[in-house]
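Here is how the chains run, residue by residue.
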Amino acid sequence: MDTNIPSSVRIVEVGPRDGLQNEKQPIDIATRVQLINMLSAAGLNTIEAGSFVNPAWVPQMAGSEDVFSRINRLPGVRYVALVPNSKGFERAASVNANEVAIFAAASEGFSQKNINCSIEESLARFKPVMSAAKTAGIPVRGYISCVISCPYDGEVSPQKVAEVSERLLAMGCYEISLGDTVGTGTPASVTRMLDAVLKIVPADKLAVHFHDTYGQALANIYASLQRGIAVIDSSIAGLGGCPYAKGAAGNVATEDLVYMLNGLGIQHGVDLNKLIAADQFISEKLNRQSGSKVALAASR
Ligand code: HMG
Ligand code: MG
């Protein structure tokens, strides 16, 4: 196997946020809480549990305070909150989120549609979040959306992704998650993008976040592993999409990722059977077939 490939990875489970934010049907707090508890019980140690954005923009994430207050917090598990601004940070801090994630974009069109401001304005808006988080001792993760293409602006240059990565790192983010929000990337375009970013940011400060719209997510993860990336975002049952990237599918399914890592002999600490149980729980609640090929195969 490629010598650059890490021997262990950390999986960042984003289903309860990136997944459920995109649902059309209402999801009650008890279901969100139980899903998170099942995911932590499966061994996931980083779980994005909700977001503190304007609920008029993303109604499914309303009530994230209640979710954070009611989950059964396991020791060693980081419960992460997505926050767009200082108001979001205050809401997240008030319910003791262990970590927060800010989110910028590599394309102006998506930045405007998703957070109603330019990339530059968003970075300025994050500054007070960074200083409040520093004072509170809360680590901050930085997302970059549209690292391959943008639903409004088209193809995105790897150089732009590298620039925004550098800015977020300089602001104090401990890790940058590179998001192929639309899911158009292939191992070739992903590798080009990573090579531009890796000139500036070391691999141990990077994570990858692939939406599986064109069925390329696992291949793209493998390409990222070959570049030494050891943090991978995924979503139980392949839930989700982005309300501001029409047509984008969910993230790579956590079960499919775990199955591939098992095959590669890469450590991750997650129990596949327990993941499949969490998948069955949420798929039944949403009354839909799982987006995980592994979960479907296991149920046959
Ligand atoms: P805005 O309208 O420009 O904000 O939205 P504003 O500062 O002008 O405030 C307008 C109103 O919103 C005010 O209320 C604020 O108090 C309220 P009013 O005075 O009118 O009653 N407000 C808030 N309320 C609750 N919590 C807050 C908050 N902030 C303001 N934090 C804003 C700007 C950023 C808030 C808005 O655009 C927003 O909430 N956007 C979030 C969009 C979103 O959640 N998108 C999905 C997540 S990103 C994603 O999925 C990509 C990712 O997965 C990676 C990838 O795949 O690429 C991360
Ligand atoms: Mg996403």
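An unreviewed UniProt entry annotates the protein as hydroxymethylglutaryl-CoA lyase of Zhongshania aliphaticivorans. Here the protein is described in UniProt, under the heading Pathway (unreviewed entry), as follows: "Metabolic intermediate metabolism; (S)-3-hydroxy-3-methylglutaryl-CoA degradation; acetoacetate from (S)-3-hydroxy-3-methylglutaryl-CoA: step 1/1." Annotation of the protein in UniProt includes, under Sequence similarities (unreviewed entry), the sentence "Belongs to the HMG-CoA lyase family."

Engineer: How should I be thinking about the overall build of the protein in this particular structure?
Structural biologist: Regarding its fold elements, the protein presents 12 helices and 10 strands. Whereas a compact globule of 300 residues would reach a radius of gyration of roughly 19 Å, the protein reaches 17 Å, a difference of no more than 12%. Per-residue burial over the protein gives 57% buried out of 300 residues. For the protein, the proportion of contacts with a sequence separation of at least 24, taken over those separated by at least 6, is 74%. Per element, the accessible surface of the protein, about 12000 Å² overall, is 50% carbon and sulfur. A distance of 3 Å separates the average location of the 26 positive side-chain charges in the protein from that of its 28 negative side-chain charges.

Engineer: Before we go on, may I ask you to explain the pairing of strand β8 (residues 175-180) in this structure?
Structural biologist: Strand residues, when the strand is regular, have side chains that alternate between the two faces of the sheet. Counting buried residues in β8 gives six out of six residues, a clear majority hidden from the surface. Along β8, one buried face is formed by Glu 175, Ser 177 and Gly 179 and the opposite face, lined by Ile 176, Leu 178 and Asp 180, is buried too. Pairing of strand β5 (residues 140-145) with β8 involves four bridges; the strand directions are parallel. Residue pairing for β8: Gly 142 is matched across the bridge by Ile 176. Where β8 meets strand β9 (residues 206-210), five bridges bridge the pair, whose relative direction is parallel. Within the sheet, the bridge partner assigned to Asp 180 lies in β9 and is Phe 210.

Engineer: What's the story with the coordination of the magnesium ion (ligand 2) in this structure? I'm lost.
Structural biologist: Between any two of four tetrahedral donors, the ideal angle at the metal is 109.5 degrees; between two of six octahedral donors, it is 90 or 180 degrees. Taken together, Asp 18 (OD), His 209 (NE2) and His 211 (NE2) make up the protein donors of the magnesium ion (ligand 2), found 2.0 to 2.3 Å from the metal. Read N to C, the donor residues that coordinate the magnesium ion (ligand 2) are spaced as D-x190-H-x1-H.

Engineer: How should I be thinking about the site of ligand 1 in this particular structure?
Structural biologist: Not every one of the 28 residues close to ligand 1 is listed here, only the nearest: Asn 54, Asn 85, Asn 114, Ser 145 and Thr 181. Contacts to ligand 1 include Val 53, whose backbone N or O atom sits 3.3 Å from a nitrogen atom. Within the side chain of His 209, one N or O atom sits 3.0 Å away from an oxygen atom of ligand 1. Isolated, ligand 1 exposes 1100 Å² of accessible area, and the fraction of that covered by the protein chains is 74%. Mapped onto the shell around ligand 1, the elements with two or more residues apiece are α1 (15-19), α4 (86-94), α5 (108-115) and β5. At three residues, α4 tops the list of elements feeding residues into the shell around ligand 1. Among the residues making up the shell around ligand 1, the classes are represented as 12 nonpolar, 11 polar and five charged.

Engineer: Sorry if this is basic, but what is going on with the pattern of salt bridges here?
Structural biologist: Any two side chains of opposite charge can pair, given that their charged atoms come close. Under the defined criterion, the tally for this structure stands at 11 salt bridges. For Asp 195, the salt bridge goes to Arg 227, with nearest N and O atoms at 2.6 Å. With Asp 195 in helix α8 (residues 187-198) and Arg 227 in the loop between α9 (217-226) and β10 (231-234), this residue pair connects regions lying 32 residues apart in the sequence. Judged by relative accessible area, which is 32%, Arg 227 ranks as partly exposed.

Engineer: So what exactly am I meant to see when it comes to the nonpolar core here?
Structural biologist: A general trend in soluble globular proteins is that nonpolar side chains are found buried together. The biggest cluster of nonpolar side chains holds 103 residues, and the ones touching the most others in it are Ile 102, Leu 168, Leu 178, Leu 225 and Leu 275. Ranked by residue count, the leading element in this core is helix α11 (residues 272-286), at seven residues. Each residue touching Leu 225, except ones within four places of it in the same chain, is listed here: Asn 4, Ile 5, Pro 6, Val 9, Ile 232, Met 260, Leu 261, Leu 264 and Ile 266.

Engineer: Would you mind going over the packing of aromatic side chains with me for this structure?
Structural biologist: Here a ring pair, both rings aromatic, is described through the centre-centre distance and the interplanar angle of the planes. Scanning the entire structure with this criterion turns up two aromatic pairs. Judged by centre distance (5.5 Å) and plane angle (45°), the rings of Phe 52 and Phe 68 are tilted. Pair noted here: Phe 52 is in the loop between β2 (46-51) and α3 (64-70) and Phe 68 is in helix α3, with a separation of 16 residues, a long-range link. Residue placement shows Lys 113 over the ring face of Tyr 152; its charged tip is 4.9 Å from the ring centre.

Engineer: I would appreciate a short explanation of the UniProt feature "domain: Pyruvate carboxyltransferase" (unreviewed entry) in the protein in the present structure.
Structural biologist: Per the UniProt annotation, the sites labelled "domain: Pyruvate carboxyltransferase" (unreviewed entry) are residues 9-276. Structurally, residues 9-276 is divided into 42% helix and 18% strand, and its ends, taken at the C-alpha atoms, are 20 Å apart.

Basis of the calculations
- Residues numbered from 1 in each chain as written.
- Chains lettered and ligands numbered in written order.
- Predicted model: local features only at pLDDT ≥ 70, side-chain atom pairs only at ≥ 80, totals over all residues.
- Heavy atoms only, no water.
- UniProt positions renumbered as here; feature names shortened; annotations may be inferred.
- Helix = DSSP H or I, 4+ residues; strand = E, 2+ residues; numbered from the N terminus.
- Rg over C-alpha atoms; globule rule 2.2 N^0.38 Å.
- Buried < 20%, exposed > 50% of the residue type's maximum accessible area, 1.4 Å probe, protein only.
- Contact = heavy atoms within 4.5 Å.
- Areas by Shrake-Rupley, 256 points an atom, 1.4 Å probe, with all protein chains shown as cover.
- Lys, Arg positive; Asp, Glu negative; His and termini not counted.
- Charge placed at Lys NZ, Arg CZ, Asp CG, Glu CD.
- Pairing = 2+ DSSP bridges.
- Donors = N, O, S within 2.8 Å, 3.2 Å for Na, K, Ca; no water.
- Near = heavy atom within 4 Å.
- Polar contact = N/O pair within 3.5 Å; in protein donor to acceptor, adjacent residues only side chain to side chain.
- Nonpolar A, V, L, I, M, F, W, Y, C, P; charged D, E, K, R; others polar.
- Salt bridge = Lys/Arg side-chain N within 4 Å of Asp/Glu carboxyl O.
- Core = buried A, V, L, I, M, F, W, Y, C linked by side-chain atoms within 4.5 Å.
- Phe/Tyr/Trp six-rings, centres within 6.5 Å; stacked < 30°, edge-to-face > 60°.
- Lys NZ or Arg CZ within 6 Å of the ring centre and 35° of its normal.

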